[in-house]
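Letter by letter, the chains look like this.
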Amino acid sequence: MAESAAEAPAKSGGGGDSGSGTLERGVAPIKPQYLTTKEQFHKFLEARGQEKLSQETDAGDPDGCDLAEPEAKRIRLEEGQVGDGQTEEAAEPREQPQAQKRARGQNKGRPHMKPNHYDKNKLCPSLVQESATKCFFGDRCRFLHDVGRYLETKPADLGPCCVLFETYGRCPYGVTCRFAGAHLGPEGQNLVQREVAQAPPVRNGLDKALQQQLRKRQVHFERAEQALRQLGKGHLPGPIPPATVPEGAPGQDICDTQQAPLGPGTSPPPGSPVQTCGPLTDEDVVRLRPCEKRQLDINGKLYLAPLTTCGNLPFRRICKRFGADVTCGEMAVCTNLLQGQTSEWALLKRHQCEDIFGVQLEGAFPDTMTKCAELLNRTIEVDFVDINVGCPIDLVYKKGGGCALMNRSAKFQQIVRGMNQVLDVPLTVKIRMGVQERVNLAHRLLPELRDWGAALVTLHGRSREQRYTKLADWQYIEQCVAVASPMPLFGNGDILSYEDANRAMQTGVAGIMIARGALLKPWLFTEIKEQRHWDISSSERLDVLRDFTRFGLEHWGSDTQGVEKTRRFLLEWLSFLCRYVPVGLLERLPQRINERPPYYLGRDYLETLMASQRAADWIRISEMLLGPVPPKFVFLPKHKANAYK
């Protein structure tokens, strides 16, 4: 997962429990007057939290959420019940105040709640969507059909304003919306603002008809199969004859499979003409040569890395506001896309503000990767497609994907050549220095990638074995720039300030990719473009989080499931934001990415709360934005990347 959000932080950072002015290795240098101890830090939050938090929420929360209700719950959270993933039964014997050492590693025993657990009495979708027809299942339907009964058990609204209703003029969740009071009429009908109604500005959705064909394996990949046949015979992929595979503009040849799909047993033999729909045009006969493909000119631009888990569409919108030039979707597994999985296709969605946008694919075999590339070339709008050859986690590596492709040059070549043959947009690759710590492979692969047809390569200055125990090797990246020329090479690793960005550009790279730096402070793009340090206030940072929750409700929905999914990803992001140290508190500028902050008291209560590394305090911040937490809410999402955090 290209610069996965599940990456472990650098181990060189110390805890900094003492409030002394002596600097420890890996600890951010904070002015002595702000330093404190761990006990004083948490005592301050507990003592002053109740009064100051309520005052700041009343002043800054437009939704007017009442935080008095979950006060008892907040006390339980401070004891570590929810934050540590413990159940109530496991947390009962806390009468002894002795501090036990927290077990490190993945918590496989933590409970995983299904999305519908938060709303046991669910309303039938036919009533939510106000369908004119009756429920298809009739008496066998397991959902409620009594709106009055549903409203009796429904929790109170979280606020007076619905984001979807204000933005699009209509909320598709109706009475199930957690802000339903903003758009329900006197008789419970769902109101519509005709003058505001508009289509959501998100593209690259999965069409239901295409999903059915993918699940039934009725989609044929003529261009991919032709390219794979050439690669299997040892020939370099050349122009595919138009008589064998007619080719049009992106999106035209999808009619071959969607409108007239061939049956499973009626696939035409190789070399026979394939019937198409529509008249024959010049685009079917005259094919683009590789040198005539659309070029990707992003030299000197700021590239937001495809961050697994945290690099979702709402977060990318935040980074675009702060000046990110190029964005890329989260890592998508090609086999899941070919199976038509809705959750995987959601990673390809693109907001209208993302003017230069790409998607990243992960796979280990040429056939699935080439077919997936052809499928995306038909169906979605992107400016480039990236291959993930940098993912270090075992789940991907042991299957031959990610970093493992760097040691499988034959398969790697077939993947790059095959995908480049079927794509009408540029193909890029993201790699690491190598697999083993002292065995660098990138300088040998870069000339080959250039010959295979890659338009751009991003090099992360670490090996798979190294992970994040050491700083990125920019000297090696500088050596690779000359080797890759004239192919542009982007550098990635440890960019957290405009000074870091300037030093990186001096190595001769075509541009820089920013990953963890954007998670710690998304306003880093503004700092780089304006060449300054931004001493952002706690209220401004809270406004950024409020914008994220608004974008999250637009993207994931405003019903119970959508609200808690927004909270889940907000908490995931807060686990990185707490590592940011405000500029005004530092003795030396800038903060370095491998320096962890010691315990300190901020210039106001909110700044101190945002510096807490306890999940209970992150939940407290989420309650300021999204209202009370459900009784059995689990912080850590059941995600493929979360087991590696």
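In this text the structure is predicted, and so the values were computed from the model without any measurement.

Undergrad: Hey, could you go over helix 16 (residues 409–422) for me, with residue numbers and the actual values?
TA: In this model helix 16 runs 20 Å from its N-terminal to its C-terminal C-alpha over 14 residues, within 8% of the 20 Å that 1.5 Å per residue would give. The complete set of buried residues in helix 16 reads F412, I415, V416, R417, G418, M419, N420, Q421 and V422. Lining the buried residues of helix 16 we find helix 8 (222–232), strand 5 (357–362), helix 14 (366–379), strand 6 (384–389), strand 7 (427–432) and helix 17 (442–452).

Undergrad: Tell me about a nonpolar patch on the surface, residues and numbers included.
TA: A cluster of nonpolar side chains, L127, V147 and L151, forms an exposed patch at the surface whose accessible area comes to about 200 Å². Along the chain, the position of L151 falls in helix 5 (residues 147–153). Residue classification places L151 among the partly exposed residues on the basis of a relative accessible area of 42%.

Undergrad: Which residues make up the pairing of strand 5, and what values go with them?
TA: Two faces make up the sheet, and in a regular strand the side chains alternate between them. Here strand 5 lies mainly inside the structure; six of its six residues are buried. Burial of strand 5 is two-sided: the residues F357, V359 and L361 facing one way and the residues G358, Q360 and E362 facing the other way are all buried. In terms of strand pairing, strand 3 (residues 327–333) meets strand 5 through five bridges, oriented parallel. By the bridge assignment for strand 5, V333 is matched with E362.

Undergrad: Explain the environment of H443 to me, using residue names and the numbers behind them.
TA: Locating H443 in the fold gives a position in helix 17. Separated by 40 residues in the primary sequence, H443 and V483 have C-alpha atoms spaced 6.5 Å apart. Leave out the neighbours within four places in its chain, and H443 touches Y476, C480 and V483. Among the polar contacts made by the side chain of H443, one reaches the side chain of Y476 at a distance of 2.8 Å.

Undergrad: Let's hear about the nonpolar core: which residues, and what values?
TA: Formed by 140 residues in total, the largest nonpolar core has its most connected members in I512 and L545. Sort the elements by how many residues they give to this core and helix 23 (residues 560–577) lands first, with eight residues. Both domain 1 (125–199) and domain 2 (302–534) contribute no fewer than three residues apiece to this core. Not counting the four nearest positions on each side in its chain, L545 is found in contact with L570, W573, L574, L577, M610, I621 and L625. Residues L35, L585, L586 and Y600 belong to the second largest nonpolar core, which totals nine residues.

Undergrad: How would you explain the UniProt feature "zinc finger region: C3H1-type" (unreviewed entry) in the protein if you had to name every residue and give the values?
TA: Mapped onto this numbering, the UniProt entry annotates "zinc finger region: C3H1-type" (unreviewed entry) at residues 118–148 and 161–186. With 23% helix and 0% strand, the stretch residues 161–186 has end C-alpha atoms that lie 17 Å from each other.

Undergrad: Please give an account of the sheet that holds strand 5 that cites residues and values.
TA: Note on sheets: strands pair through backbone hydrogen bonds, and any given pair is parallel or antiparallel. With parallel pairing, eight strands are arranged side by side in an open sheet as 2-10-9-8-7-6-5-3. At either end of the open sheet lies a strand with only one pairing partner, and these are strand 2 (302–304) and strand 3. Neighbouring strand axes in the sheet, compared pairwise and without regard to direction, differ in orientation by 25° on average. Both strand 7 and strand 8 (residues 456–460) contribute to a ladder of five bridges, which runs parallel. The residue bridging V429 from the neighbouring strand is V457, located in strand 8. In the packing of helix 17 onto the sheet, the strands contacted are strand 7, strand 8 and strand 9 (489–492), and the crossing angle to strand 7 comes to about 170°.

Undergrad: How would you summarise the state of the cysteines if you had to cite specific residues and measurements?
TA: Applying the stated criterion to the full structure yields zero disulfides. Not engaged in a disulfide, the cysteine C372 finds its nearest cysteine sulfur in C334; these two sulfurs lie 5.5 Å apart.

Undergrad: How would you explain the packing of aromatic side chains if you had to name every residue and give the values?
TA: Tallying each qualifying case throughout the model produces eleven aromatic pairs. Ring geometry for F322 versus W534: centroids 6.0 Å apart, planes at 65°, classification edge-to-face. Note that F322 is positioned in the loop between helix 11 (313–321) and strand 3 and W534 in the loop between helix 21 (524–530) and helix 22 (538–556), a separation of 212 residues in sequence. Neither residue differs from the other here; F322 and W534 are each classed as buried. For the cation-ring pair, R408 lies above F365, with the distance from its terminal atom to the ring centre recorded as 5.7 Å.

Definitions and limits used
- Residues numbered from 1 in each chain as written.
- Predicted model: local features only at pLDDT ≥ 70, side-chain atom pairs only at ≥ 80, totals over all residues.
- Heavy atoms only, no water.
- Helix = DSSP H or I, 4+ residues; strand = E, 2+ residues; numbered from the N terminus.
- Expected span 1.5 Å × (residues − 1).
- Buried < 20%, exposed > 50% of the residue type's maximum accessible area, 1.4 Å probe, protein only.
- Contact = heavy atoms within 4.5 Å.
- Patch = residues over 30% accessible without salt bridge, like charges linked within 9 Å, V, L, I, M, F, W, Y side chains within 5 Å.
- Areas by Shrake-Rupley, 256 points an atom, 1.4 Å probe, with all protein chains shown as cover.
- Salt bridge = Lys/Arg side-chain N within 4 Å of Asp/Glu carboxyl O.
- Pairing = 2+ DSSP bridges.
- Polar contact = N/O pair within 3.5 Å; in protein donor to acceptor, adjacent residues only side chain to side chain.
- Core = buried A, V, L, I, M, F, W, Y, C linked by side-chain atoms within 4.5 Å.
- Domains from an automatic or database assignment.
- UniProt positions renumbered as here; feature names shortened; annotations may be inferred.
- Axes fitted to C-alpha atoms, helices over the stretch in contact; angles between N-to-C directions.
- Disulfide = S-S within 2.5 Å.
- Phe/Tyr/Trp six-rings, centres within 6.5 Å; stacked < 30°, edge-to-face > 60°.
- Lys NZ or Arg CZ within 6 Å of the ring centre and 35° of its normal.

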